[in-house]
Amino acid sequence: MKTIFITGATAGFGKAIAYTFAQHAWRLILNGRRQDRLEALATELRNDYGADVLTLPFDVRDREAVVQAIRNLPHEWKWVDLLVNNAGLASGLSTIQEGDFADWDVMLDTNVKGLLNVFRCIAPTMVERGQGHIINIGSIAGKQTYLRGNVYCATKAAVNALSEAMRIDLLPHGIRVTQICPGAAETEFSLVRFKGDAERAKQAYAGYKPLTAQDIADIVYFAATRPGHVVLNDIVVTPLAQASPYYMHKG
Ligand code: NDP
Ligand code: 8X3
C-alpha cells in the first residue's frame, strides 16, 4: 500500500486529492493548519473508504514544527511514496508599489519557504529508498506575470524553478518530480486572496466555468500512477474559457 503526504489538505485541491487517493486505497498523511477540519476529513475518509489516515497539523512556515512533526512520524508512516506540495495562497491583489509587507511575507514564507521546509524533510527518505514522487502545485501565475499579481507570481515562478532544480538534483536517485500549473479553479483561493470578501471572490469565477478541485485531483492521480519510468514534468491546465492569465472568454 502506498503513502501520500498532502500539504494543505483542509480545503480546495488538497482536500479533493485526499478523497481521490483514499478512494484508491492509498494511505494518507494530511497536513493543514486547521486541525478541526483535518480531523473531520480524516474521520470521513476512514468511515467512507476504510482509509488509513494520519493527520499532521502544522504551519508549513514554522520550520521547527515541520522538522519535529516529520522527524516524529511513527515508523510505519516514515516512508512517503508521494509528496504533494500543495499548501499555498495569494494574499491581496495590489500593485507592487502599494504592496503590503505582511501579504508579501505570508506568500513568500508559505509558497516558497514552506514548500522547501516540507520538501527538505521528506526528500532524504526518498533518496534513502531510491524511489518516490514529488508533485508541486505551481500556477499559470508562475509562467506569466499578470497585473497586480507581482509577489504571488514571483512565488509561483520560484516553484517553477525549484521543481526543475529538484528534478535535476534528484535525477541520480530515481525520484520523479512533477509540477502542475493550474489556471482559474474555484476553491477557497479567492476568498483567501480577498481576505474573506465572498462577493469579490465570487466575481473571480463569474461568467465562465472554472476548473474544480476534482479536476486537479484527477491530474495528480494520473501523474502518480504512470509507469515508474514515466515522468510528467510540467502540466499546465486551464479552464476552456482561459488561454492565459490575460485571455479569459466570459459568456
Ligand atoms: P484553498 O485556499 O482552497 O486551499 C489552500 C490550502 O492550503 C488549505 O488547505 C490551507 O489550509 C493550506 N495552507 C495555507 N497556508 C498554509 C500553511 N501556512 N501551512 C499549512 N497549510 C496551509 O486554495 P487552493 O486549493 O486553490 O490552493 C492550493 C494550491 O493551489 C496553492 O498553492 C495555490 O497557490 C495553488 N493554485 C490555486 C489555483 C486556483 O485558482 N485555485 C490555481 C493555481 C494554483 P489551512 O488554512 O487549514 O492551513
Ligand atoms: C492561481 C491562479 O491566475 O489567479 O494561481 O493566479 S491565478
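Residues numbered from 1 in each chain as written. Chains lettered and ligands numbered in written order. Predicted model: local features only at pLDDT ≥ 70, side-chain atom pairs only at ≥ 80, totals over all residues. Heavy atoms only, no water.

Next up on the list: the site of ligand 2. As a structural note, the neighbourhood of ligand 2 is formed by Ser139, Ala141, Tyr146, Tyr152, Phe189 and Arg193. Here an oxygen atom of ligand 2 sits 2.5 Å away from a polar atom, N or O, in the side chain of Tyr146. A total of 240 Å² of accessible area belongs to ligand 2 in isolation, and the protein chains cover 82% of it. Looking at the shell around ligand 2 residue by residue, the classes come out as four nonpolar, one polar and one charged. (Near = heavy atom within 4 Å. Polar contact = N/O pair within 3.5 Å; in protein donor to acceptor, adjacent residues only side chain to side chain. Areas by Shrake-Rupley, 256 points an atom, 1.4 Å probe, with all protein chains shown as cover. Nonpolar A, V, L, I, M, F, W, Y, C, P; charged D, E, K, R; others polar.)

Let us look at the site of ligand 1. What surrounds ligand 1 is a group of 31 residues, the closest being Thr10, Arg33, Asp59, Tyr152 and Thr187. Separating a nitrogen atom of ligand 1 from a side-chain N or O atom of Asp59 is a distance of 2.8 Å. Between an oxygen atom of ligand 1 and a main-chain N or O atom of Gly183, the distance comes to 3.4 Å. Isolated, ligand 1 exposes 870 Å² of accessible area, and the fraction of that covered by the protein chains is 96%. Among the secondary structure elements, those contributing two or more residues to the shell around ligand 1 are helix H1 (12–23), strand S2 (27–32), helix H5 (150–169) and helix H6 (189–193). (Helix = DSSP H or I, 4+ residues; strand = E, 2+ residues; numbered from the N terminus.)

This part is about the state of the cysteines. In protein structure, a disulfide is the covalent linkage between the sulfur atoms of two cysteines. Within the structure shown, the criterion is met by zero disulfides. Here Cys153 is not disulfide-linked; the sulfur of Cys181 is the nearest cysteine sulfur, at 12 Å. With relative accessibility at 1%, the residue Cys181 sits in the buried group. (Disulfide = S-S within 2.5 Å. Buried < 20%, exposed > 50% of the residue type's maximum accessible area, 1.4 Å probe, protein only.)

It is worth spelling out unusual backbone geometry at this point. The residue Arg148 is not glycine, and still its phi comes out positive at about 70°. By the secondary structure assignment, Arg148 is in the loop between strand S5 (132–137) and H5. Judged by relative accessible area, Arg148 falls into the partly exposed class, the value being 37%.

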